[in-house]
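For reference, the chains in residue letters:
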Amino acid sequence: EGMALPQRVLFPPEEICMDWQQRQRPGAGLCNLGSTCYINVILQCLTYTPPLANYLLSRDHSQLCHQQGFCMMCIMEAHVWKVLCSSASVIWPRAIVRDLKFIGEGFEPDMAGDAYEFLRCALEAMQRACLSGSRNVDFSSQTTTIIYQIFGGFLKSRVTCLRCQAVSDSYKAFLHVLLDIKAPSSLTTALEDFVTPKKLDRKYCFKCSKCEKKVTASKRVTVHHVPKVFTVCLERAADHTGKKISKIVEYPEYLNLRPYMSDTAGEPLFYSLYALVVHSGDTCLDGHFFCYTKASNGLWYKMDDESVDNCGIHTVLRQQAYLLFYAR
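Residues numbered from 1 in each chain as written. Predicted model: local features only at pLDDT ≥ 70, side-chain atom pairs only at ≥ 80, totals over all residues. Heavy atoms only, no water.

**Student:** With reference to specific residues and values, describe the overall build of the protein chain.
**Tutor:** In terms of regular secondary structure, the protein chain is built from eleven helices and 16 strands. Taking 2.2 N^0.38 as the reference for a compact globule, 328 residues should give roughly 20 Å; the C-alpha atoms of the protein chain span a radius of gyration of 21 Å, in line with that estimate. A principal-axis box enclosing the C-alpha atoms of the protein chain has dimensions of 65 × 45 × 40 Å. By the burial criterion, 50% of the 328 residues in the protein chain qualify as buried. Accessible surface computed for the protein chain: about 15,900 Å², of which carbon and sulfur atoms make up 50%. Put simply, the protein chain has 36 plus and 32 minus side-chain charges, and the middle of one group is 6 Å from the middle of the other. (Helix = DSSP H or I, 4+ residues; strand = E, 2+ residues; numbered from the N terminus. Rg over C-alpha atoms; globule rule 2.2 N^0.38 Å. Buried < 20%, exposed > 50% of the residue type's maximum accessible area, 1.4 Å probe, protein only. Areas by Shrake-Rupley, 256 points an atom, 1.4 Å probe, with all protein chains shown as cover. Lys, Arg positive; Asp, Glu negative; His and termini not counted. Charge placed at Lys NZ, Arg CZ, Asp CG, Glu CD.)

Shown next, in the form of structure tokens:
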């Protein structure tokens, strides 16, 4: 519906397994190599993403990879193996820190960074690795890699001319969603705000093809195709100065995405929380990152660099969350 079909499927969706294929105690903590807590939390959240971990533990990627030099998928595969399968209690993520410049231009090994920015760049680097060796791939086919099959969904943007009621639809692939939390006090109200129609006027005027001029319009963004893993960033930067929105935003253990879909009729679409990142600090420009993840044994753990400590769901749900990871 309004979206081009892929010419080829790069990774078969039926091969993705959402449940852990092996159950075990949690893996190793990660050594902080200076100012790398923002990297460590994302590595831990990705390591405990069941469909991604299952694939990386199969070693299918490295067996077929012909990429010369840096490959983010090969690096992640080696990292996840080391964390989950070695007997070490602490791992040094040296390979990732060594290759930071290939993951994102702005990262420096001895400089603090932002966890959301690192997540964004890490997923893009894994996506590039999945596409290497595939030439002349159309955009729709690019959204069929293992990374898009796990984290990817589509947003629908519907613009309605308020003069003649003509409708224009467009679609955009996403790997994560950024939510404004200035007013909302919960994840669900932030999602409601996200899908509420916004008025386009003045400098954001819309050129209506029917009226053939710029008009006032209404724009509504909805989730059109849901991902297997729904990743959310609660935008805590109040403005460009680094001021932080430090309030608690409530989030559930189980989230139904159906009310935020283009088609709100039908079965509920339930997701289960399995990881979250917390930023502690007075401003967004300093402070410390730690995370909570649910291991394959079904238990929750607080992961703060080298330390990995068992905790309960009540502790998990009381945090000043920055990033939230939900699995279908």
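Following the structure, the description resumes.
**Student:** Pulling in residues and values, what's your account of the sheet that holds strand E9 (residues 217–225)?
**Tutor:** Pairing between the strands of a sheet comes from backbone hydrogen bonds, and it takes one of two forms, parallel or antiparallel. Strand order in the open sheet formed by four strands is E4-E3-E9-E6, and the pairing between neighbours is antiparallel. Two strands close off the open sheet at either side, each with one partner strand: strand E4 (167–174) and strand E6 (198–200). Geometrically, the sheet is characterised by an average inter-axis angle of 30 degrees between neighbouring strands, direction not taken into account. Judged from the three bridges that link them, E6 and E9 form a sheet pairing that is antiparallel. In the sheet register, Lys 199 faces E9, and the bridge partner there is Ser 218. Against the sheet, helix H10 (residues 187–195) touches strand E3 (153–161), E6 and E9, its axis set at about 125 degrees to E9. (Pairing = 2+ DSSP bridges. Axes fitted to C-alpha atoms, helices over the stretch in contact; angles between N-to-C directions. Contact = heavy atoms within 4.5 Å.)

**Student:** How would you sum up the pairing of E4? Please name residues and give values.
**Tutor:** As defined by bridge partners, E3 adjoins E4 across eight bridges and the pair is classed as antiparallel. Bridged to Lys 156 within E4 is Tyr 171. Linking E3 back to E4 in an antiparallel pair, the connection comprises five residues, with Gln 165 at a positive phi of about 70 degrees.

**Student:** Go over the pairing of E3, please, and point to the residues and values.
**Tutor:** Of all nine residues that make up E3, eight are buried, and the element is covered over most of its length. Where E3 lies against E9, eight bridges are found, and the strand directions are antiparallel. Bridge pairing in E9 places Ser 157 opposite Val 221.

In short, shape yes, function no, at least from these values alone.
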